[in-house]
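Analysis of the macromolecular model
Chain residues, written in single-letter form:
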Amino acid sequence: MSEHLVWRRDELVIDTDPERLNIPLIHDVLTHSTWAAGIDIDTVRTSIANSLCFGMYLGNQQIGFARVVTDHATFGYLCDVFVIDGQRGHGLGRWLIESCNQHPTLLKLRRVMLTTSTAPWLYARCGFEAIARGDLVWHITRPDIYAKAGKA
């Protein structure tokens, strides 16, 4: 699929090596997020195994994450983007998204999409545009699917 790439800024590193990812940390952040509340760790593992992932590290500590669901040819969906509490407000989210956008796989895709309810201004600064046509993008959404799964 893709070669592992690294971006550096001072003591910070963004790395696409999935072996380096801190799955328990990613699970903890996602399960407490607004978009994946209650997600189970096996679903997190499966999503990571089937995505192009970007881990952000300060030394050996993971402090951020993003993943792109992609066919590596025409389409990508950027999701699960976060920088942990205590590291926000220093432009790291923007650097993470810009690094994703600079990955050779994403540079050749016809379309990269995302959904957000928390940081549209950040994605706009990174080149994303809101879709203003009501009939262009369609979806099936199940926002509480992880909560329902936990009750089964």
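Look up: the structure comes first, before these words.
Our subject in this report is the structure included herewith. (Residues numbered from 1 in each chain as written. Predicted model: local features only at pLDDT ≥ 70, side-chain atom pairs only at ≥ 80, totals over all residues. Heavy atoms only, no water.)

1. Quick word on the packing of aromatic side chains
Tallying each qualifying case throughout the model produces 3 aromatic pairs. A ring pair is formed by Trp 7 and Phe 54, whose centres lie 6.0 Å apart and whose planes are at 40 degrees; its orientation type is tilted. With a gap of 47 residues between them, Trp 7 in strand S1 (residues 6–9) and Phe 54 in strand S3 (residues 52–58) connect regions that are remote in the sequence. Of the two residues examined, Trp 7 and Phe 54, each falls in the buried class. Their ring planes at 40 degrees and their centres at 5.9 Å tell us that Phe 65 and Phe 82 sit as a pair that is tilted. Taken together, the positions of Phe 65 in strand S4 (residues 61–70) and Phe 82 in strand S5 (residues 75–83) put the pair 17 residues apart, joining distant regions of the chain. Assessed through its relative accessible area of 0%, Phe 65 is described here as buried. (Phe/Tyr/Trp six-rings, centres within 6.5 Å; stacked < 30°, edge-to-face > 60°. Helix = DSSP H or I, 4+ residues; strand = E, 2+ residues; numbered from the N terminus. Buried < 20%, exposed > 50% of the residue type's maximum accessible area, 1.4 Å probe, protein only.)

2. Points about helix H2 (residues 41–49)
Those residues of H2 not exposed but buried are Val 44, Ser 47 and Ile 48. The buried residues of H2 all sit within an arc of 100 degrees when viewed along its axis, so they share a single face. At its buried positions, H2 is contacted by helix H1 (23–31), S3 and S4. The backbone nitrogen of Asp 42 has a side-chain oxygen 3.1 Å away, supplied by the residue at the start of H2, namely Asp 40. (Arc of directions from axis to C-beta. Contact = heavy atoms within 4.5 Å. Polar contact = N/O pair within 3.5 Å; in protein donor to acceptor, adjacent residues only side chain to side chain.)

3. Comments concerning the pairing of S4
Judged by how many residues are buried, S4 sits mostly within the fold: 8 of 10 residues are covered. Relative to S4, S3 is paired through 7 bridges, and the arrangement is antiparallel. What sits directly across from Met 56, in S4, is Gly 64. Hairpin connection between S3 and S4: a loop of 2 residues separates the two successive antiparallel strands, and Gly 59 in this loop has a positive phi of roughly 65 degrees. Bridge analysis of S4 against S5 gives 6 bridges, and the strand direction is antiparallel. Paired with Gly 64 across the bridge in S5 is Val 83. (Pairing = 2+ DSSP bridges.)

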